[in-house]
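Structural description and commentary
For reference, the chains in residue letters:
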Amino acid sequence: MRQKIMNFMRGRYGIDQFSNFLMGFGCALVFITIFIKSSLLYFLGMASFIYSYVRILSRDYQKRYRQNQKFLEKTAGIRAFFRKEKSKMNMRKTHRIFRCPECGQNVKVPKGKGKIAVTCPKCRCEFVKRS
């Protein structure tokens, strides 16, 4: 069975970021219709699913690639923001972030060092904080 699926998908575009977004968007709309009875939202959700599968099963590589690149260009700022926030959340396990009282610069110091004198790398202002 697996070999048959692999043979069927040979030469087809497959899943990319835009298809994943369309599937998630469609799933969210269909889920929302559980609480808000709206045939329009249900129709948009199902249309999103269908278009996603059309993209996945398409044999036109260049067109699908251009669509995905355009999607990535339009969402680059949003994705960068969430990537930065995720990095900050992971960093907070090992570091603390303080704001310099003089210039407002964020200063990162390791956790668990007790009371320390923090020196701002931008304005050289020194302040004492508990890490």
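For the structure itself, look to the data block above.
Within each chain, residue numbers correspond to sequence positions counted from 1 in written order. Selection of residues for local features in this predicted model requires a pLDDT of at least 70, selection of side-chain atom pairs for listing and counting requires 80 or more, and totals for whole chains, interfaces and linings are taken over all residues. The basis for every side-chain value is the complete set of heavy atoms in the structure, and neither hydrogens nor water enter the calculation.

Let's talk about the environment of Y65
Strands are runs of DSSP state E lasting at least 2 residues, helices are runs of H or I lasting at least 4, and numbering of each runs from the N terminus. Following the sequence through the fold, Y65 ends up in helix α4 (residues 61-74). Considering only alpha carbons, one finds Y65 and C125, 60 residues apart in sequence, at a separation of 50 Å.

Notes on the pairing of strand β4 (residues 126-130)
Remark: a regular strand shows side chains that alternate across the two faces of the sheet. Where strand β3 (residues 115-119) meets β4, five bridges bridge the pair, whose relative direction is antiparallel. Each bridged residue has a counterpart across the sheet, and for T119 the counterpart in β4 is E126. We call two strands paired when DSSP finds no fewer than two bridges between them. Between the antiparallel neighbours β3 and β4 lie six residues, among them R124 with a positive phi of about 60°.

Considerations on unusual backbone geometry
The backbone of R124 sits at a positive phi, close to 60°, despite the residue not being glycine. Among the residues examined, R124 registers a relative accessible area of 61% and is labelled exposed. Note on classification: 1.4 Å probe, protein chains only; a residue is buried when its accessible area is under 20% of the maximum for its type, exposed when over 50%, partly exposed between these limits.

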